[in-house]
Amino acid sequence: MHFTGRDIVSIKDLTREEILHILSVAEDMVPAARGSETSTLMTGKIMASLFFEPSTRTRLSFAAAMERLDGRVIGFARPGGTSLQKGETLADTIRTVESYCDLIVMRHPQEGSARMAAEFAEVPVINGGDGAGHHPTQCLLDLFTIQKERGDIGGNRVALIGDLKYGRTVHSLAYALALFKADLTFIAPEQLQMPREVVEECEEHGASISFETELNGAIEDVDVMYVTRIQKERFPDPEEYKKVAGIYTIDTDLLERAQSDAIVMHPLPRVYEISPDVDETPAAAYFRQAFNGVPVRMALISLVAGVVE
Amino acid sequence: MKELKVQPIKNGTVIDHITPGCALKVLKILRIPGDTGGGSIISVVMNVEGGQGKKDIVKIENRELKAHEVDKIALIAPNATINIIRDYEVRDKHRVSVPDDIVGIVECANPSCISNASNEPIQPRFTVKSRDPLRIKCFYCEREIEDISDGII
């Protein structure tokens, strides 16, 4: 297995074994991610963090990951004031920035932008989200969370809930879960159901898939409820949005009907999808999931920089 | 006497069995005429009755097209055959096949794809997802293109 110098653009660039290796390195990073141990793996190294689109969790957890490894971070959190606003191409920005750093982390609104950046950069590029395209580090931290909370990935019945059409995290996650042969249930309003090509890919990997339009009756047997935000702007009629948003809310009443050891995950930010009373239950895995972004990103940074095998 | 719709050519290339209606797109993909067409005489016949139904035919005189030049047309005319003619005889004949990497021929239908950003120094690029039926996906955004012939640049 060879990670040194590699780009991490899409979860599809990784095999099942490679994913498991990243998760195992991430597990080793947990004490340093919490600050209870110190790491000097990235001392003297610089990570460029190029966020052409705003982000809270991804940007800060990448920065925290690099800092926890004793590395340094340069970059920007929004395109305002950068050379892109003067009309510079992304390709030129990448070619310039790579001469200042040892690796690049980027988020960009256009799909395929990270793949293009990886073509131009000699240093490794890690995709922090490319529009409606890929978000591989979110996918890896989701898998890490499922593995930590449930003991393994493949043996679970996972329900993906909410906006499955436009939500980029659920496409990558569905693919990855299929790779691990998890049982999948896609719960979404018809107009926001999982796109055909994602379903086809999951089926190609032999995943067992069922489709539901309502939470009631669909979550009783599941081990993992992965909830995503349904965005208001997807609905031309605000009344229709209100109706749907109400139906797809996880609360303690609903949890009572679920298995006692089932967990609830969410890529965050959440709005109405998970009622705050769920936060205090053991099922609420979403804040632990948010923390897991740090050790997973520490693992990826160390692996592509070649400081960890 | 049966009227010959297309005269045989002495030397050159005949592209036969083109999907009916696609001959002009084939020429567009091959960028003929143009720099590569030189002074060749080009004949185009559309919707001619053939053994397996209607087809289009393109004849390019005094120019032998190389397989790698012509394979690109398999994107829209997967059954096309290339006949190299010398002295009125077919000297070489082969069917086109889609190249693994399709660069600069089809544009991505996804307006948010980086390959559609006007100023980036890249060409649209596709990889083959399946050959039968032909399905291709964008190298950058990984979206599959629904109507390939519509995306021809």
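Residues numbered from 1 in each chain as written. Chains lettered and ligands numbered in written order. Predicted model: local features only at pLDDT ≥ 70, side-chain atom pairs only at ≥ 80, totals over all residues.

Participant: Please give an account of the sheet that holds strand E6 (residues 183-187) of chain A that cites residues and values.
Facilitator: All names here are of chain A. Spatial ordering of the open sheet is given by E7-E6-E5-E8-E9, a layout of five strands whose pairing is parallel. Two strands bound the open sheet, and with one partner strand each, they are strand E7 (208-212) and strand E9 (263-265). Going across the sheet, the axis of each strand differs from the next one's by a mean of 20°, ignoring polarity. Taken together, the three bridges between strand E8 (residues 224-227) and E9 define a ladder with parallel strand orientation. Within the sheet, the bridge partner assigned to Met225 lies in E9 and is Val264. Here helix H6 (residues 168-179) sits on the sheet in contact with strand E5 (157-161), E6 and E8, set at roughly 165° to E5. (Pairing = 2+ DSSP bridges. Helix = DSSP H or I, 4+ residues; strand = E, 2+ residues; numbered from the N terminus. Axes fitted to C-alpha atoms, helices over the stretch in contact; angles between N-to-C directions. Contact = placed C-beta atoms within 7 Å.)

Participant: Before we move on, could you go through the interface of chain B and chain A and cite the residues and values that matter?
Facilitator: Counting residues at the interface gives 15 residues for chain B and 13 residues for chain A. Broken down by class, the residue content of the side of chain B that touches chain A amounts to nine nonpolar, four polar and two charged. (Nonpolar A, V, L, I, M, F, W, Y, C, P; charged D, E, K, R; others polar.)

Participant: Explain the domain arrangement of chain A to me, using residue names and the numbers behind them.
Facilitator: Residues and elements named next belong to chain A. The domain boundaries assigned to chain A delineate domain 1 (11-134 + 293-305) and domain 2 (137-289). Summarising the inter-unit geometry, the C-alpha centres of domain 1 and domain 2 are found 26 Å apart. Opposite the 17 residues of domain 1 that make contact, domain 2 presents 15 residues. Of the residues assigned to the side of domain 1 that touches domain 2, the class counts are nine nonpolar, four polar and four charged. (Domains from an automatic or database assignment.)

Participant: Tell me about the packing of helix H1 (residues 16-34) of chain A against helix H10 (residues 286-305) of chain A, and please be specific about residues and values.
Facilitator: Residue and element names in this part refer to chain A. Between H1 and H10, the shortest axis-to-axis distance is 7 Å and the interhelical angle comes to 115°. Helix-helix and strand crossings are classified by hand; for H1 and H10 the assignment is right-handed. From H1, Ile22, Val25, Ala26, Met29, Val30, Ala32 and Ala33 reach across to H10, where they touch Val294, Pro295, Val296, Met298, Ala299, Leu300, Ser302 and Leu303. Residues belonging to the contact of H1 with H10 are distributed by class as follows: 14 nonpolar, one polar and no charged. (Left-handed = near helix turned anticlockwise from the far one by under 90°.)

Participant: Explain the pairing of E7 of chain A residue by residue, including any values.
Facilitator: Pairing of E6 of chain A with E7 of chain A involves five bridges; the strand directions are parallel. Each bridged residue has a counterpart across the sheet, and for Ile187 of chain A the counterpart in E7 of chain A is Glu212 of chain A.

Participant: So, the domain arrangement of chain B: which residues are in play, and what are the values?
Facilitator: How big an interface is tends to be reported as the loss of accessible area on association of its parts. Residue and element names in this part refer to chain B. Splitting chain B by domain gives domain 1 (12-95) and domain 2 (101-151). One C-alpha centre belongs to domain 1, the other to domain 2; they are set 24 Å apart. Contact residues are listed per partner, giving seven residues for domain 1 and six residues for domain 2. In terms of residue class, the side of domain 1 that touches domain 2 is made up of five nonpolar, no polar and two charged.

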